[in-house]
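Each chain, letter by letter, is given below.
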Amino acid sequence: MPSIRSSVTLPHMRRRHFLTLSAATLGGVLVYSLDRKASLLSAQHKPVRIPLRFLTETEALIVAAAASRIFPSDDSGPGAREAGVAVFIDRQLAGSYGRDRFRYTQPPFEDAPDEFGYQGSATPRQIYREGLKGLRGFHHLSPTAQDEALRKIESSLFFSLLRQNTIEGMFCDPIHGGNAGMVGWQLVGFPGPRMSNLEEIEKYYGQAFRPKPLSLRQATGVKVRPSEDES
Amino acid sequence: MKTLPAVDAVIVGGGWAGLLMAKELGARTSLSIVVLERGPSRQPSDYSTDMDELDYAIRLRMMQDLSRETVTLRHDAARRAVPLRQHGAFLPGAGVGGSGEHWNAQVPRFLPDCFELLSKTTQKYGASALPEGHAVRDWGITYDELEPYYTRVDKLLGTSGQAGNIRGKRIGGGNIFEGWRSEGYPTPPTKVPYFAALFRDAAKSLGYHPYPAPSANISQAYTNPDGISRGGCTYCGFCARFGCMVGAKAQPSSLLLPIIQKRQNVSVRTGAWVRRILLDPAPKSAARGVSYVDAAGQEVFQPASLVFLASWTFNNTRLLLLSGIGEPYHPATGRGTLGSNLTHQVTVPSATAFFDRPLNRFMGAGSAGFLLSDYDRDDLDRSSLGFIRGGYFGARGYGFQPIGVFGVLPSSVKATWGSDWKKAAIFYYDRTATIGFAGEHLAYKTNLMDLDPVYKDALGDPLLRLTMDWRDNERKMVGFATPIAVDLARAMGARQINPFPGLGSYDATRYNSTHVQGGTIMGDSPAYSVVSPYLQHWQLPNLFILGGSTFPQNASANPTPTVLAFVYRTADAIVDRYLKHPGPLA
């Protein structure tokens, strides 16, 4: 018997959207040549299709393109594209952060000087959705035209969130969907959650100590659940 | 409202202060004791997998849920306050252990003259040395009286450090400007991160007296007088905003909870949101218990013979205001005491220094480093500089994670995104460090707390309203500190230095410290204070208020050892005197 539900679109349902990331652009191991130019040994051989939780496919492509201009892949190493920043941002927006689960959101909303912090009622989800409307077709533009478009919105709240979330997606633990293959950590020499530096802390004065990064899951052997996966 | 069976003592708040009181009374008496904590329960084992910067340090998983309750702020009484809708200048913790779980465990003592600030300053420099509109007070107790309790705190925590003054004998290598201590530290100083070593050497070369930062994140295995053993720090760098993965950091959940859990007479109820303190109907001379909303959402009354508030500065003050206990302070008339003397430790990054060598900043601990107190001492006349009092400089290797610090750049770099920015940010990522300054905050008549007339919490009670701004004394002090820090950074070999631009208005978005104090201050007279130096309410002798809310003004030093010393002293007075003859202790 056909269900009534199958014929109507419920407000909380939507067509499934995917972000397709091509081979050689997600994660991997960084290799530095003698002149400190970084290149990526790809960990991926096939395109990856990642189901989106909040963004539409077009929105995700714009976020990915914009994050790549904020944190580009260039001769100083891989960037937002390889780290999977768009996937990270999509998951954050779908989770408690995106819906302002922990922010005080009682009215009235009054304007106040910057020292009082963000006073608006819009959630990160709403700020992204509105902000992305202003970047229609962005992912089809040339890099120069993209930079020009971003410069126009540089002082907006949307841009400051996008910039902050891009940094988060570059350097978070990989359980959150960003920092794929720990490329962000390799770029800056952060080893992740290293349990002990007791022997090293006074040993490497003035010289770089760069242990191989381990993710939280690798370091603890425990499958940790990120907060965006909680209800 | 359901009424529960009466207990001897109810303690509101399960952080450092509340759990230490529960442990002392619970272990030394047979009193029945209930601790009411509105946050979740917690075990040290929870921290074995918390080393995730995003969820803990950026999304602030261990902090209070502001969607349910926050505070409002205005800079002066002429303006309307707005709510602080997200965390910023301070980070109050939630759950068992409170902020004592996610702290950095920096444990300096207050200077002796802090406790007699009004009389000592007036004596030395005349009453005109204090700024106009100040509300500076004596505490009604001296450092000498408190010293034995400070020593007990150091033994409880196992504090690591190097003494600089044992019974008046100055000891090089320690803080020679500190107050006397009866004994040295229980454990030796921590290891020294590279940046702190550079600071130590530069400070010495400039003629200063740097010393290892006192740390309750301990340097080696230690067993405290309660028989609680823990191992030494491994310098993983996940301290502030995290619980300690190896248990080296002193936390209420590891030092106090295991003892409490063994006692049949003490229980900790979580999810219990206290809303009111109830009084005897007439003549309203005693508290008879507290009402709270339990984890199931039910309103319950917990009768008790003794009531302790230990729910941090804001909530201690707010609960008295909501319960109508005491007269709210009125700045215009000077009447009332409740809510006065709001202060916040003056903490700034005086110099951000950029080096050409890597610093390995991921290694460290919340209080591993060196401090310098040459400008934080009671024998220095600064009257010609236009401000009074001072503070200490610090170079600590907290242990840094990348989201929080990526993109801090010399002011010569103009880009804030794109290739040039990225390249510079990667280069400087591990070559940047900050010399911090922490100064005293005097109390002023115009900095206070009361109930907000507009904004409510999730249960419909008014939020607490802060009226607060910096004054010239703080601005000049910070301005004085900046060139000193810049000179230190230069002597450390910094290539470029960003000096702190100066203190403007009180900024609720820049993390300052979680050392906000006042509201229910102690003193030797009910004319200007809410509690006596035994932390006992002047009008209700069976009500005790624990924590920084009782401090008349903010010292330069971080407050936890002082909070705990007063809890020990009050617990002794209750066990030795009050239980035999209930009534005023002072």
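Residues numbered from 1 in each chain as written. Chains lettered and ligands numbered in written order. Predicted model: local features only at pLDDT ≥ 70, side-chain atom pairs only at ≥ 80, totals over all residues.

### A closer look at the overall build of chain A
Note the following rule: Think of it this way: any DSSP run of H or I at least four residues long counts as a helix, any run of E at least two long counts as a strand, and we number them from the N terminus. Backbone-placed C-beta atoms define the burial measure: a residue is buried with 20 or more other C-beta atoms within 10 Å of its own, exposed with 12 or fewer, and partly exposed in between. Two residues qualify as being in contact provided that their C-beta atoms, derived from the backbone, are within 7 Å of each other.
Across its full length, chain A holds 8 helices and 4 strands. Secondary structure elements in chain A, listed N-terminal to C-terminal, are β-β-β-β-α-α-α-α-α-α-α-α. Burial statistics for chain A: of 231 residues in total, 41% are counted as buried. The contacts of chain A with a sequence gap of at least 6 include a subset with a gap of at least 24, amounting to 65%.

### Side note on the sheet that holds strand β4 (residues 71-74) of chain B
Either a parallel or an antiparallel arrangement is found when strands of a sheet pair, and the pairing is made through backbone hydrogen bonds. Residues and elements named next belong to chain B. Stated formally: By the convention used here, strands pair only if DSSP detects at least 2 bridges between them.
The strand order across the open sheet formed by 4 strands is β5-β4-β21-β20, and the pairing between neighbours is mixed. Taken across any chain shown, the strands that pair with only one partner, and hence form the sheet edges, are β5 (82-83) and β20 (448-456). Bridge count for β4 against strand β21 (residues 462-467) is 4 bridges, and the pairing is parallel. By the bridge assignment, Val71 is partnered in β21 with Leu464.

### Some remarks on the interface of chain B and chain A
Our working rule: Gly counts as polar in this scheme, as do all residues outside two lists: the nonpolar Ala, Val, Leu, Ile, Met, Phe, Trp, Tyr, Cys and Pro, and the charged Asp, Glu, Lys and Arg.
Taken together, the contact between chain B and chain A spans 56 residues of the former and 58 residues of the latter. For the side of chain B that touches chain A, the elements supplying multiple residues, two or more each, are α2 (53-58), β5, α6 (194-205), α10 (402-405), α11 (419-428) and β20 of chain B. Residue classes in the side of chain B that touches chain A are distributed as 28 nonpolar, 13 polar and 15 charged.

### Structural notes on the pairing of strand β18 (residues 391-396) of chain B
Residues and elements named next belong to chain B. Of all 6 residues making up β18, 6 are buried, and the element is well covered by its neighbours. With 4 bridges connecting them, strand β17 (residues 369-372) and β18 associate as antiparallel partners. Within β18, the position partnered with Phe370 by the bridge is Ala395. Direction of pairing for β18 relative to strand β19 (residues 432-439): antiparallel, over a ladder of 4 bridges.

### Remarks on the confidence of the model for chain A
Counted only if it meets this: How sure the predictor is of each residue is captured by pLDDT, a score from 0 to 100.
Averaged over every residue, the pLDDT of chain A is 88; residues scoring 70 or more account for 84%. Between residues 1-11 of chain A, whose pLDDT stays under 50, and residues either more than four places distant or in other chains, the model counts 0 contacts.

### Some words on the nonpolar core
For clarity, the cut-off: For the purposes of this analysis, a nonpolar core is taken to be any set of buried Ala, Val, Leu, Ile, Met, Phe, Trp, Tyr and Cys residues that are connected through C-beta atoms within 7 Å.
Ranked by internal contacts, the top residues of the largest apolar core, which has 224 residues, are Ile11(B), Met21(B), Phe199(B) and Phe308(B). Of all the elements, helix α13 (residues 560-578) of chain B adds the most residues to this core, at 9 residues.

### Examining unusual backbone geometry
With omega at 0 degrees, the peptide bond leading from Pro107(A) into Pro108(A) counts as cis. Despite not being glycine, Lys284(B) has its phi angle at roughly 55 degrees, a positive value. A positive phi angle, close to 70 degrees, is found at Arg389(B), a residue other than glycine. Here Arg389(B) lies in the loop between β17 and β18. The class of Arg389(B) is buried, set by 26 C-beta atoms lying within 10 Å.

### Examining the pairing of β20(B)
All names here are of chain B. Relative to β21, β20 is paired through 5 bridges, and the arrangement is antiparallel. When the bridges of β21 are listed, Asp450 appears paired with Arg465. Linkage of β20 to β21, two consecutive antiparallel strands, is achieved through a turn of 5 residues, within which Gly460 is found at a positive phi near 95 degrees.

### So, the packing of helix α3 (residues 85-94) of chain A against helix α6 (residues 157-171) of chain A
Residues and elements named next belong to chain A. Note the threshold: The axes used here are C-alpha line fits, helices contributing only the stretch in contact, and every angle between their N-to-C directions lies in the interval 0 to 180 degrees. We call two directions roughly parallel when the angle between them is under 35 degrees, roughly antiparallel when it is over 145, roughly perpendicular when it lies between 65 and 115, and oblique otherwise. Definitions for this section: a left-handed crossing has its near helix turned counterclockwise from the far helix by less than a right angle. A right-handed crossing has that turn clockwise.
The geometry of α3 relative to α6 is characterised by a closest axis approach of 9 Å and an angle of 110 degrees between their N-to-C directions. With respect to each other, α3 and α6 are oriented roughly perpendicular. α6 is crossed by α3, and the crossing has right-handed handedness. On the side of α3, the interface is formed by Val85, Phe88, Ile89 and Gln92, while α6 contributes Asn165, Thr166, Glu168, Gly169 and Met170. Across the contact of α3 with α6, the residue classes break down as 4 nonpolar, 4 polar and 1 charged.

### Observations regarding α11(B)
Residues and elements named next belong to chain B. Selection rule: Here the arc refers to the set of directions running from the helix axis out to each C-beta atom.
Regarding α11, the residues found buried are Lys422, Ala425 and Tyr428. Taken down its axis, α11 places every buried residue within 145 degrees of arc, on the same side. Looking at the buried residues of α11, the elements they touch are β16 (346-354) and β19.

### Describing the environment of Gly407(B)
Note that Gly407(B) resides in the loop between α10 and α11. On the neighbour-count criterion, Gly407(B) (21 C-beta atoms within 10 Å) is buried. Sequence separation between Gly407(B) and Trp421(B) is 14 residues; the distance between their C-alpha atoms is 7.8 Å. Discounting residues that sit within four places of it in the chain, Gly407(B) has contacts with Ile167(A) and Ala425(B).

### Let's talk about the sheet that holds β16(B)
Residues and elements named next belong to chain B. With antiparallel pairing, the 6 strands of this open sheet are ordered in space as β8-β17-β18-β19-β16-β22. Each of the sheet's edge strands pairs with one partner strand only, and the pair in question is β8 (210-212) and β22 (496-499). For this sheet, the mean inter-axis angle between neighbouring strands, taken without regard to orientation, is 25 degrees.

### Focus on α3(A)
Residue and element names in this part refer to chain A. α3 sits mainly inside the fold: 9 of its 10 residues count as buried. Every buried residue belonging to α3 is among Val85, Ala86, Val87, Phe88, Ile89, Asp90, Arg91, Gln92 and Leu93, and all of these are buried. Along its buried surface, α3 packs onto β1 (18-21), β4 (48-51), α1 (57-70), α2 (80-83), α4 (124-133) and α6.

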